[in-house]
Amino acid sequence: MNILLVKVSSLGDIVHAMPIVADILHAYPHAKIDWVAEEAFANLVQCVRGVRKVIPVALRRWRHQLCRPSTWREINQFFHTLRSTRYHAIIDAQGLLKSALLSRLAHGQVYGLANRTEGASHEWP
């Protein structure tokens with residue numbers, strides 16, 4: 001079973017999401033878990049036992065360098081990596097527009113509560 005966890009940023013959010021990996025593996029011991037994280041936190045996520053692959057994304061850097069051809073090459077490589085695996089479940093643990101977009105671009109069924117839960121993050125759209 002391939003599972004993608006989308007929790008992009010920030011440091012505190014990523015640290016709070018780390019136990020999700022252990023919970024998934026408790027329920028599905030043979031699950032292969034990949035994680036999309038902002039490039040600044042990729043090394044931290046790589047340390048989480050049970051994470052097979054970290055897919056770094058550079059949204060923070062890219063938004064300031066959109067006119068550079070190298071940025072578009074990186075974006076294309078990211079999308080290629082993101083879409084190279086079919087996932088049984090894609091868990092949007094961030095609940096924001098950026099994580100929703102990244103989740104929808106991957107191959108698989110997306111699960112996430114977003115703004116439908118009390119105390120969840122809120123973005124006007």
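Criteria and thresholds
Residues numbered from 1 in each chain as written. Predicted model: local features only at pLDDT ≥ 70, side-chain atom pairs only at ≥ 80, totals over all residues. Heavy atoms only, no water. Helix = DSSP H or I, 4+ residues; strand = E, 2+ residues; numbered from the N terminus. Buried < 20%, exposed > 50% of the residue type's maximum accessible area, 1.4 Å probe, protein only. Contact = heavy atoms within 4.5 Å. Salt bridge = Lys/Arg side-chain N within 4 Å of Asp/Glu carboxyl O. Pairing = 2+ DSSP bridges. Right-handed = clockwise from strand over helix to strand, strands pointing away. Patch = residues over 30% accessible without salt bridge, like charges linked within 9 Å, V, L, I, M, F, W, Y side chains within 5 Å. Areas by Shrake-Rupley, 256 points an atom, 1.4 Å probe, with all protein chains shown as cover.

**Observations regarding the overall build of the protein**
Next up, step 1: Of regular secondary structure, the protein possesses six helices and five strands.
Next up, step 2: Within the protein, buried positions represent 37% of all 125 residues.
Next up, step 3: Pairs at least 24 apart in sequence give 52% of the contacts found in the protein among residues at least 6 apart.

**Structural notes on unusual backbone geometry**
Next up, step 1: Between S9 and S10 the backbone carries a cis peptide bond, its omega angle lying at 0°.
Next up, step 2: Looking at where S10 falls in the secondary structure, it is placed in the loop between strand 1 (2-6) and helix 1 (11-17).

**Things to note about the pattern of salt bridges**
Pairs can form between side chains of opposite charge whenever their charged atoms are close.
Next up, step 1: According to the stated counting rule, one finds three salt bridges in the structure shown.
Next up, step 2: A salt bridge links R61 to E39; the shortest N-O distance between them is 2.9 Å. Linking R61 in helix 4 (residues 59-62) with E39 in the loop between strand 2 (32-38) and helix 3 (42-46), this pair joins segments that are 22 residues apart in sequence.
Next up, step 3: Since its relative accessible area comes to 35%, E39 is described here as partly exposed.
Next up, step 4: Residue E74 is joined to R61 by a salt bridge in which the shortest nitrogen-to-oxygen separation is 2.7 Å. A residue pair is termed long-range when its members are at least 10 positions apart, and E74 in helix 5 (residues 69-82) and R61 in helix 4 qualify at 13 residues.

**A few points about the environment of A89**
Next up, step 1: Within the secondary structure, A89 sits in strand 4 (residues 86-92).
Next up, step 2: Counting along the chain gives 84 residues from A89 to L5, while the straight-line C-alpha distance between them is 8.5 Å.
Next up, step 3: If we skip the residues at most four places from it in the chain, A89 touches N2, I3, L4, Q109 and Y111.

**With respect to the pairing of strand 5 (residues 107-111)**
Next up, step 1: Bridge analysis of strand 4 against strand 5 gives four bridges, and the strand direction is parallel. Each bridged residue has a counterpart across the sheet, and for R86 the counterpart in strand 5 is H107.
Next up, step 2: The parallel pair strand 4 and strand 5 is bridged by helix 6 (residues 97-105), and the resulting crossover is right-handed.

**Regarding a nonpolar patch on the surface**
Next up, step 1: On the surface, L11, V15 and L44 cluster together into a nonpolar patch covering about 220 Å² of accessible area.
Next up, step 2: Residue position: L44 is located in helix 3.
Next up, step 3: Of the residues examined, L44 reaches a relative accessible area of 31% and is grouped as partly exposed.

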